[in-house]
Amino acid sequence: MTLQNNLLIAMPGIKNPFFKKTVIYICEHNQEGAMGIIINKPLKKLKIENILEQLNINPSSCLFGPKVKDAVIMGGPQAQERGFILHSSRKPFYSSIYISEKTVITTSRDILESLSILEEPTNILVALGYCTWDKNQLEYELLNNFWLTASVNQSILFHTPIKNRWIKASKILGIDIYQLSIYFGHA
């Protein structure tokens, strides 16, 4: 079973402040482990335009309009100084990896430079850091009811307001996340 191109939705009982009420997009999942990006934890006061300015890319020349005003996401506890861009694109960039037909992850500067030309991605989410799981660790966490899993929904990934993603992701499963018990167990 692979969870690549799926969402992990934190159960209400998770107390770890880093993962409490998170939604994680799984970018890779195989027998060696898993890697994902949190999609609903904005970094306070850090916008895409700030990243562009730090890289000497003029944000005012970007055709992306309001997208450069979007918050940068805290993608996870690993390599928080490193940027990961989830996007949809017809054009690959220098370090693009296709996760699915609709979703790509890129870590190279050229995608940010593309925001100022007509070939920019149609959807974009910029994150600093990522989440990882060692071999069998994610499977263990799933067996112990730390996470719910759901099929990815492009609307939640790119268009749902960040503060609503945890609730909206759970609604994919037809549940009200607040009605779930905070206690874990096995039947």
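Here the structure is shown first, and the text comes after it.
In what follows, the accompanying structure is described.

Reading the values: the criteria
- Residues numbered from 1 in each chain as written.
- Predicted model: local features only at pLDDT ≥ 70, side-chain atom pairs only at ≥ 80, totals over all residues.
- Heavy atoms only, no water.
- Helix = DSSP H or I, 4+ residues; strand = E, 2+ residues; numbered from the N terminus.
- Buried < 20%, exposed > 50% of the residue type's maximum accessible area, 1.4 Å probe, protein only.
- Contact = heavy atoms within 4.5 Å.
- Areas by Shrake-Rupley, 256 points an atom, 1.4 Å probe, with all protein chains shown as cover.
- Pairing = 2+ DSSP bridges.
- Polar contact = N/O pair within 3.5 Å; in protein donor to acceptor, adjacent residues only side chain to side chain.

## Details of the overall build of the protein
Reasoning step 1: A count of helical and extended segments in the protein gives five helices and 10 strands.
Reasoning step 2: Looking at the protein residue by residue over its 187 residues, the buried ones come to 48%.
Reasoning step 3: Taking the contacts inside the protein whose residues are at least 6 apart along the sequence as the reference set, 67% of them involve residues at least 24 apart.
Reasoning step 4: Just so you have it, the protein exposes about 10,000 Å², and 53% of that area is on carbon and sulfur atoms.

## Points about the pairing of strand S9 (residues 123-133)
Reasoning step 1: Taken across its 11 residues, S9 has nine buried, putting it largely inside the fold.
Reasoning step 2: Two strands pair when backbone bridges link them, and strand S3 (residues 33-38) and S9 are joined in this way by three bridges, in the antiparallel orientation. Within the sheet, the bridge partner assigned to Ala34 lies in S9 and is Trp133.
Reasoning step 3: Of the pairings in the sheet, the one linking strand S6 (residues 78-88) to S9 comprises seven bridges and is antiparallel in character. Across the sheet, the residue bridging to Ile85 is Val126, located in S9.

## Notes on unusual backbone geometry
Reasoning step 1: Despite not being glycine, Ala79 shows a phi value in the positive range, around 45 degrees.
Reasoning step 2: Relative to the assigned elements, Ala79 resides in strand S6.
Reasoning step 3: We classify Ala79 as partly exposed; its relative accessible area is 24%.
Reasoning step 4: In this structure, Asn145 takes a positive phi of about 60 degrees despite not being glycine.
Reasoning step 5: For Asn145, a relative accessible area of 26% corresponds to the partly exposed category.

## Observations concerning the side chain of Ser96
Reasoning step 1: In this fold, Ser96 is placed in strand S7 (residues 96-98).
Reasoning step 2: Looking at Ser96, the relative accessible area reads 19%, which means it is buried.
Reasoning step 3: Within the structure, Ser96 has its side chain in polar contact with the side chain of Thr106 (distance 2.7 Å).
Reasoning step 4: Not counting chain neighbours up to four residues away, the residues in contact with Ser96 comprise His87, Val104, Ile105 and Thr106.

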